[in-house]
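What follows is the residue order along each chain.
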Amino acid sequence: MEQRLANCWRLTVNEKKFIESALLSDVRVDGRGPLDYRKLNIKFGKNDGSAEVQLGETRVMSYVSAQLVQPYRDRPNEGTLSIFTEFSPMADPSFEPGRPGESAVELGRIIDRGLRESRAIDTESLCILSAKLVWAIRVDIHILDNAGNLVDAANIAALASLLTFRRPECSLGGEDGQQVVVHPPEVREPLPLIIHHLPVAVTFGYFSNENLVVLDPTYHEEAVMTGRMTATLNANGDVCAIQKPGGQEISHRVIMHCLRLAHVKAGDMTAKIKDAVEKHNTERALQKIKRHSSSVAVDVCGTTASLGGKQNQSDGDKEGSRLDQLKLKDETKSMECDATSSAQVQSNKKDGSSKNFVGGPSSWDPYSDCVNSDLLKASLASRGHSTPSKKKDSRRETKPEEPQNEVKIDSAPMDTALTSGQSNEGKTLKDAVKPKHKRKKKKGSSNNAN
Amino acid sequence: MRQIRAEIGAVSKADGSAIFEMGNTKVIAAVYGPREVQNRSQQMSDQTLVRCEYSMANFSTGDRMRKPKGGDRRSTEISLVIRQTVEACILTHLMPRSQIDIYVQVLQADGGTRSACINAATLAFADAGIPMRDLVTSCSVGYLHSTPLLDLNYVEHSAGGPDVTVGILPKLDKVTLLQMDSKLPIDILENVMQLSTEGCKAIANYIREILLENAKQLEYRRGV
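Sequence order as written defines residue numbering, which begins from 1 separately in each chain. The lettering of chains begins at A and the numbering of ligands begins at 1, in the order of writing. Note on the predicted model: pLDDT of at least 70 is required for a residue's local features to be given, and 80 or more for side-chain atom pairs to be given and counted; whole-chain, interface and lining totals, by contrast, use all residues. Hydrogens are left out, water is left out, and the side-chain values use all remaining heavy atoms of the structure.

1. A look at the interface of chain B and chain A
Piece 1. Opposite the 36 residues of chain B that make contact, chain A presents 39 residues.
Piece 2. What counts as buried area is the accessible surface, traced by a 1.4 Å probe, that two parts surrender upon association, with contributions from both included. Taken together, both faces of the contact between chain B and chain A bury some 3,400 Å²; the carbon and sulfur share is 55%.
Piece 3. For chain B, the biggest contributors to the area lost against chain A are B:R73, B:K183 and B:I186; these three give 20% of the whole.
Piece 4. Salt bridges are defined by distance alone: a side-chain nitrogen of Lys or Arg within 4 Å of a carboxyl oxygen of Asp or Glu. At the surface where chain B touches chain A, the tally comes to five salt bridges.
Piece 5. With a closest N to O distance of 3.2 Å, A:R113 and B:E77 form a salt bridge.
Piece 6. By the criterion applied in these results, polar contacts are pairs of N or O atoms within 3.5 Å in which, for protein atoms, one can donate a hydrogen and the other can accept it, and in which residues neighboring in sequence qualify only through two side-chain atoms. The interface formed by chain B and chain A contains 18 residue pairs in polar contact (both at pLDDT 80 or more).
Piece 7. Runs of H or I in DSSP of at least four residues are treated as helices and runs of E of at least two as strands, each being numbered from the N terminus. When contributions to the side of chain B that touches chain A are tallied by element, the ones reaching two or more residues are helix 1 (73–89), strand 9 (174–181), strand 10 (184–185) and helix 4 (186–222) of chain B.
Piece 8. The element best represented in the side of chain B that touches chain A is helix 1 of chain B, accounting for 10 residues.
Piece 9. Residues were grouped as follows: Ala, Val, Leu, Ile, Met, Phe, Trp, Tyr, Cys and Pro as nonpolar; Asp, Glu, Lys and Arg as charged; and all remaining residues, including Gly, as polar. The class makeup of the residues in the side of chain B that touches chain A is 14 nonpolar, 11 polar and 11 charged.
Piece 10. One requirement defines pairing of two strands: DSSP has to find at least two bridges between them. Bridge count for strand 14 (residues 238–244) of chain A against strand 9 of chain B is three bridges, and the pairing is antiparallel. Every residue pair with non-hydrogen atoms within 4.5 Å of one another is taken to be in contact.

Next comes the structure, spelled out in structure tokens:
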């Protein structure tokens, strides 16, 4: 009984009257206009597919994960998408732990309807083996702080996390082509989901005076308002879902007016989400580049740091084959000079199109002379990545000259950055080389290795 | 629109009850109340507490459904929707510190169950003598092959087009319930809503006739 009493936050008559009369003069308690949104802030976590959204004081966190499952019998070629919401009592004392209450279920279903029926996520691309294995995408939404308008914030969080989620790539293998091999992210770059459009939810609050409509209600306004409507639209002007679960009755005119308003706001919101995701993606890309540059060319021999450049690029089969060729050529020597390796890398780069960074772990390996070239070859072969060289032997030194010239043109800016990295690393990490460590997936370890 | 049929007084124990049929969809609603609040902590001193429970019978769809263990999310949401819809139209402040329960059970499901439930609930409330501002009627509209279709059945619904469920207060001509899924451009939505409003008004006329008939029957039985 006491628990229940503690959960009850009651709105006082004074507060109610104050909010309503302020609205009559188009003023809201936090100073916004009736149709203004609160400040939106989207943050991303370290993992792919995790996002935290702050809309004013409301905080919602969302996480996307994927699993291989059997598809539904009536949709054998499509993957599945499911949304789970968790209303933690941390957000609001009236939320009870355990089974989701009515509002939690409603929130989950609104977001689900917006994404599923409007086909925002392409589920057919999630199918791997028809009628046997498909990806099941699961979105978990946790409410961290309830300050009103959970639906909009949760929707934005779900969209942001779906946009940054990367699922592992898998290929069919085995004798009959029926076995599925899932490649871990270190081996092959994980793929993003195919998202056709972004359905954004916009929530309106209605009050007993019909002309009062507010957008993005706060916690107190939600307690005062007599009706609400959530419209999910995308930037193209399609209405993906509407939820007006009873409450204050509204005329058609007001509803259409609200929908048009929602269209405008959805456009803004989509732009903001896309910006935030772009920024996050570029940061991730930059981080990977930095990682590669520091790990790459450690100049063990201390020669020509100026060759610079490396760029582990990685993925390209062209580069892989080139490396293989090179490998075959110089088997015997242990690698000594990174200069050669870096040159190699440069040449590879030139082959594969001068992309600086392709995403994928850099399989570079800074090796010292204790490396077993056979082992290296084996590991390289299994990886299927082209990595710059490991075993370049000093014979390669001749090579650097030609590629150096070619590459210089397009990698000039890279060189300077890299060379500095190289020289530093060469001195400090040299001693930390552990012969046993083959290329480590983590950047830190590869740095150490070298 | 499909053929509508309604019957009042199906559940004798309840204060008010009704069966509503729209084509092959058949729904039964029972209202208990106003009565004493069973959970004192939820008692509201200025209005009545409305509780709603929606469930689909296992035999209502083509294949026998298994009841999901964790509480069906769809049922929870529809219960919430029905509750808030009727809460808006009954005069809750006339019955403070009391509770009204409405139980809706789907006996045959062929599309449009939500609408049938709300229509049945309205009839049941009227039968129970609970004061209301206006009837709430509801009907669903779809949009397939660039034609708005009134009152979708299951086959039309599974064709994948949008499904708009609208609940209105016919005399006041205001929209209470509006739910939509799947994609639809805004202007087409406007047309679709117009169509559904007309459908709802037609249902409202039918409901009024039924209530009038029922009232006459009651008078007759009382020997007036």
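2. Details of helix 1 of chain B
Residues and elements named next belong to chain B.
Piece 1. For helix 1, spanning 17 residues, the distance from its first C-alpha to its last is 25 Å, which sits close to the expected 24 Å at 1.5 Å a residue.
Piece 2. Remark: exposure states derive from per-residue accessible area (1.4 Å probe, protein chains only) relative to the maximum for the residue type, with buried under 20%, exposed over 50%, and partly exposed in between. Burial runs high along helix 1: 12 of the 17 residues are buried.
Piece 3. Within helix 1 the residues assigned to the buried category are S75, E77, I78, S79, L80, V81, I82, R83, T85, V86, A88 and C89. A helix is expected to span 1.5 Å for every residue after the first.

3. Focus: the pattern of salt bridges
Residues and elements named next belong to chain B.
Piece 1. This model, assessed by the stated rule, comprises 24 salt bridges over all chains.
Piece 2. The closest approach of N and O atoms between R2 and D110, which form a salt bridge, is 3.8 Å. Here the residue R2 occupies a position in the segment before strand 1 (4–8), and D110 occupies one in the loop between strand 5 (98–108) and helix 2 (113–128), the gap between them amounting to 108 residues.
Piece 3. With relative accessibility at 16%, the residue D110 sits in the buried group.
Piece 4. A salt bridge links R2 to D151; the shortest N-O distance between them is 3.0 Å. Of the two residues, R2 is situated in the segment before strand 1 and D151 in the loop between strand 7 (147–150) and helix 3 (154–158); the sequence distance between them amounts to 149 residues.

4. Some remarks on the pairing of strand 1 of chain B
Residues and elements named next belong to chain B.
Piece 1. Across the two faces of strand 1 the burial differs, with I4, A6 and I8 buried and R5 and E7 not buried at all.
Piece 2. By the bridge criterion, five bridges tie strand 1 to strand 2 (residues 16–22) in an arrangement that is antiparallel. Counted as the bridge partner of I8 is A18 from strand 2.

5. Some details on the sheet that holds strand 2 of chain B
Residues and elements named next belong to chain B.
Piece 1. With respect to topology, five strands assemble into an open sheet ordered 1-2-3-5-4, the strand pairing being mixed. Every other strand in the sheet has two partners, leaving strand 1 and strand 4 (49–56) as the edge strands with one partner each. Going across the sheet, the axis of each strand differs from the next one's by a mean of 15°, ignoring polarity.
Piece 2. On the sheet, helix 2 packs against strand 1, strand 2, strand 3 (25–36), strand 4 and strand 5 and is oriented at approximately 150° with respect to strand 2.
Piece 3. Only the stretch in contact is used when a helix axis is fitted, and all axes are lines through C-alpha atoms; the angle between N-to-C directions ranges over 0 to 180 degrees. Along the sheet, helix 4 contacts strand 1 and strand 2; its crossing angle with strand 1, the most-contacted strand, is approximately 35°.

6. Examining unusual backbone geometry
Piece 1. Residue B:G33 is joined to B:P34 through a cis peptide bond whose omega torsion reads -10°.
Piece 2. Among the structural elements, B:P34 can be located in strand 3.
Piece 3. With phi around 60°, A:N149 is a residue other than glycine that occupies positive phi space.
Piece 4. With respect to the element layout, A:N149 can be found in the loop between strand 6 (133–145) and helix 4 (150–164).
Piece 5. Given a relative accessible area of 1%, A:N149 falls into the buried group.

7. Side note on the pairing of strand 7 of chain B
Residues and elements named next belong to chain B.
Piece 1. Summarising the sheet, strand 6 (residues 137–144) and strand 7 pair through four bridges and their orientation is antiparallel. The residue of strand 7 that forms the bridge with L144 is T147.
Piece 2. Taking the residues that link successive antiparallel strands as the turn, the strand 6-strand 7 hairpin has two residues, and the phi of H145 there is positive, at about 50°.

8. A look at the environment of A:A271
Piece 1. Summarising the element assignment, A:A271 is placed in helix 6 (residues 252–295).
Piece 2. For A:A271, a relative accessible area of 40% corresponds to the partly exposed category.

9. Notes on the confidence of the model for chain A
The predicted coordinates of low-pLDDT regions are not to be read in fine detail.
Residue and element names in this part refer to chain A.
Piece 1. The predictor's confidence in any single residue is recorded as pLDDT, a number from 0 to 100. Scored by pLDDT, chain A has a mean of 72; 61% of the residues are at 70 or more.
Piece 2. Within the model, pLDDT remains below 50 along residues 1–5, and this stretch shows four contacts once partners closer than five positions in the same chain are excluded.
Piece 3. Across residues 384–426 the pLDDT falls below 50, and counting only partners more than four positions away or on other chains, this stretch makes 113 contacts in the model.

10. A look at the packing of helix 3 (residues 102–116) of chain A against helix 1 of chain B
In a packed pair of helices, the relevant descriptors are the angle between the two axes and the axis-to-axis distance.
Piece 1. The geometry of helix 3 of chain A relative to helix 1 of chain B is characterised by a closest axis approach of 9 Å and an angle of 105° between their N-to-C directions. The angle between the axes of helix 3 of chain A and helix 1 of chain B places the two elements in the roughly perpendicular class. On helix 1 of chain B, the residues touching A:E102, A:V105, A:E106, A:G108, A:R109 and A:R113 of helix 3 of chain A are B:R73, B:R74, B:T76, B:E77, B:L80 and B:R83.
Piece 2. Across the contact of helix 3 of chain A with helix 1 of chain B, the residue classes break down as two nonpolar, two polar and eight charged. By definition in this entry, angles of less than 35 degrees are roughly parallel, angles greater than 145 are roughly antiparallel, angles of 65 to 115 are roughly perpendicular, and the rest are oblique.

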